[in-house]
Amino acid sequence: MDTKLTLKLNSAVIERAKAYASKYDTSLSRLIEAYLDNLTKKEKRETEPLTPLVQSLYGIASLPAGFDEKDAYFDFLLNKHSPEDAAESVR
């Protein structure tokens, strides 16, 4: 269920955020929602203990040097929330 939220932000920040959203063919609302969702999930992850299964799997995967999880997560969200043809044209 979507709920309207009114925020007061610096006008320069708003303009940069609008340009960023436009560049990646998404809305400012979706960017803010994804950010807040990620922020609150991260906080929750840090406070919950890992289950024994997760602890046994921890560190099992290796990532290539220079892997940026923020870029990977952004790409995931972009593909998830964009039409297929728009997501391919961004990168």
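Scroll up for the structure.
Everything in this summary refers to the structure shown in the same document. (Residues numbered from 1 in each chain as written. Predicted model: local features only at pLDDT ≥ 70, side-chain atom pairs only at ≥ 80, totals over all residues. Heavy atoms only, no water.)

Considerations on helix 4 (residues 69-81)
If you check helix 4, its first and last C-alpha atoms are 18 Å apart, about what 13 residues at 1.5 Å a residue would give, namely 18 Å. Of all the positions in helix 4, only Phe74, Leu77 and Leu78 are classed as buried. Axial view of helix 4: buried residues confined to an arc of 100°, hence all on one face. Turned more than 90 degrees off the buried face of helix 4, the exposed positions are Glu69 and Lys80. The N-cap of helix 4, judged by a side-chain oxygen 3.0 Å from the amide nitrogen of Lys70 a few residues on, is Asp68. (Helix = DSSP H or I, 4+ residues; strand = E, 2+ residues; numbered from the N terminus. Expected span 1.5 Å × (residues − 1). Buried < 20%, exposed > 50% of the residue type's maximum accessible area, 1.4 Å probe, protein only. Arc of directions from axis to C-beta. Polar contact = N/O pair within 3.5 Å; in protein donor to acceptor, adjacent residues only side chain to side chain.)

What to know about a nonpolar patch on the surface
Taken together, the side chains of Leu5, Leu7 and Leu9 define a hydrophobic patch exposed on the protein surface, amounting to about 310 Å² of accessible area. Inspection of the secondary structure puts Leu5 in the segment before helix 1 (11-23). (Patch = residues over 30% accessible without salt bridge, like charges linked within 9 Å, V, L, I, M, F, W, Y side chains within 5 Å. Areas by Shrake-Rupley, 256 points an atom, 1.4 Å probe, with all protein chains shown as cover. Salt bridge = Lys/Arg side-chain N within 4 Å of Asp/Glu carboxyl O.)

Considering unusual backbone geometry
Despite not being glycine, Asp25 shows a phi value in the positive range, around 50°. In this structure, Asp25 sits in the loop between helix 1 and helix 2 (28-47). Note on Asp25: relative accessible area 44%, which makes it partly exposed.

Describing the packing of aromatic side chains
Applying the stated criterion to the full structure yields four aromatic pairs. Here the aromatic rings of Tyr24 and Phe74 are separated by 4.7 Å at their centres, their planes lie at 80°, and the arrangement is edge-to-face. Of the two residues, Tyr24 sits in the loop between helix 1 and helix 2 while Phe74 sits in helix 4, which places them 50 residues apart along the sequence. According to the relative accessible area criterion, Phe74 is buried, its value standing at 15%. (Phe/Tyr/Trp six-rings, centres within 6.5 Å; stacked < 30°, edge-to-face > 60°.)

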